[in-house]
Structures are given as C-alpha cells and as structure tokens.
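A structural walkthrough
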Amino acid sequence: MSQQQYPQQPQPGWGGPQQQGYGTPPFQPQPPKKSKAGKIVGFGCLGVVALFVLIGIAAAAGGGIGDSTDTGAKDKAVAPGRTPESDKAEATPAQETKTQAEQFKACVAKSGTATEKKAVQHVTKVTGADKRNDILDSAEVYTDFDGGLMSDNQGDAKLIASAFTSCYESKNGLVSVYGQDGGLIANANY
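Let me sum up the structure you'll find in this document. (Residues numbered from 1 in each chain as written. Predicted model: local features only at pLDDT ≥ 70, side-chain atom pairs only at ≥ 80, totals over all residues. Heavy atoms only, no water.)

Counting through the fold element by element, T143 comes out in strand β2 (residues 137-143). At 2.8 Å, the side chain of T143 and the backbone oxygen of Y178 are in polar contact. Not counting residues within four places of it along the chain, the set of residues in contact with T143 comprises H122, V123, T124, I160, V177, Y178, G179, Q180 and I185. (Helix = DSSP H or I, 4+ residues; strand = E, 2+ residues; numbered from the N terminus. Polar contact = N/O pair within 3.5 Å; in protein donor to acceptor, adjacent residues only side chain to side chain. Contact = heavy atoms within 4.5 Å.)

Written out as structure tokens, the structure is:
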C-alpha cells in the first residue's frame, strides 16, 4: 500500500497568493475624543446664576438695599423750629399709648360681628401684632380661657382668631390663641 498524498492548497496569508476581500483591513484612525469644555462652561454659568439667585433671596429676606418703607428722618427737609421727633410725637399720641390688646379690641369693636365682640372681651394680652415683615409673622393672643386643644372655649378662641385675621393682614402670618395656663386653644393664618 502506498500512501497517497493529496495536493494541499495554500492557505491565504501564509505565503500564497491572496484573494481580494480577505486579509487584514487597512489602518483606520480612532474618532477624536469629545471636548468637555462645553460642560465646564455650562456648569460655570449655572453656578453664577445660582449665586445671583441666592443673593436675591437673601436681599428679599433681609429687607434689601434701599428699603422703600424707611421712615428715618435722614435726607428730609426740616422746617425751622420743628424736628422730626416732634412730628412723630404729634402724629399718633393716642395710638402709641394703647396696648396691642386694646388696639385689637378697638378694631373688632369697629368691624367685628356680635359674637366676635363678645369673644374678644376675654382677650388679656396680644403680642407680635405690631411688627410684620410678610415672611414669617407670628402673633399670640392670650385669653382668660382654660387652655388646651380640647378646651370648652375652643369655639370662642376660633372666633378670636377669625377676628384677628379680619383686623390684620400678612402674606405669611399665623395667629395663635392661648389660654390663661399657656395652652394652645386655636390658631389661624392671617
């Protein structure tokens, strides 16, 4: 028996002739990397805008520069023989001598209902009604009622809170009505 040899065909890329379409592709360069400069500039501008927003909020909360409600006497003309202090004293002498509770009772007596007028007779003290900044106003009304949210006088306390909201205005105010022992009875937004 003799061994037969089969003719071998040369393998492509092994020294034999190469056929079209086969083989290693030519060198192709990588695409250029994206620049991150746009992101950096964008976040930088966002930081500047956020800083201006924070400054604006702080100015609004603190009253800002050039408050238009400034009642100071600087830069105002004064007539000879008169001072700004004497003008203030003449303007509202009766208003300044009344306590906040008396002012509140007078307001309810002028514009309140009969049941509100009856309920307000139990008010002993009012605090926080004279200074308002429309950011977080808090007023307290003290009464001679028994305190607590389950008090028997809760209906009258709600009438007092309602009367307070009729007399005073704030964008973000809260009035709380307390009993003689300091317990909270009712509250309302004004």
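Strand order in the open sheet formed by four strands is β1-β2-β3-β4, and the pairing between neighbours is mixed. Each edge of the open sheet is held by one strand with a lone partner, namely β1 (123-127) and β4 (184-189). Taken pair by pair, the neighbouring strands of this sheet meet at an average axis angle of 20°, ignoring direction. The pairing of β1 with β2 spans four bridges and is antiparallel. Its bridge partner being in β2, T127 is matched across the sheet by E140. In this fold helix α6 (residues 154-167) packs onto β1, β2, β3 (173-178) and β4, with an angle of close to 30° to the strand it touches most, β4. (Pairing = 2+ DSSP bridges. Axes fitted to C-alpha atoms, helices over the stretch in contact; angles between N-to-C directions.)

The next thing to look at is helix α4 (residues 100-111). Here α4 is twelve residues long and its end C-alpha atoms lie 17 Å apart, about the 16 Å a rise of 1.5 Å per residue gives. Inspection of α4 places Q100, A101, F104 and V108 among the buried residues, and these make up the whole buried set. Looking down the long axis of α4, one finds its buried residues gathered within 100° of arc, a one-sided arrangement. Residues of α4 that are buried sit in contact with α5 (114-120), β1 and α6. (Expected span 1.5 Å × (residues − 1). Buried < 20%, exposed > 50% of the residue type's maximum accessible area, 1.4 Å probe, protein only. Arc of directions from axis to C-beta.)

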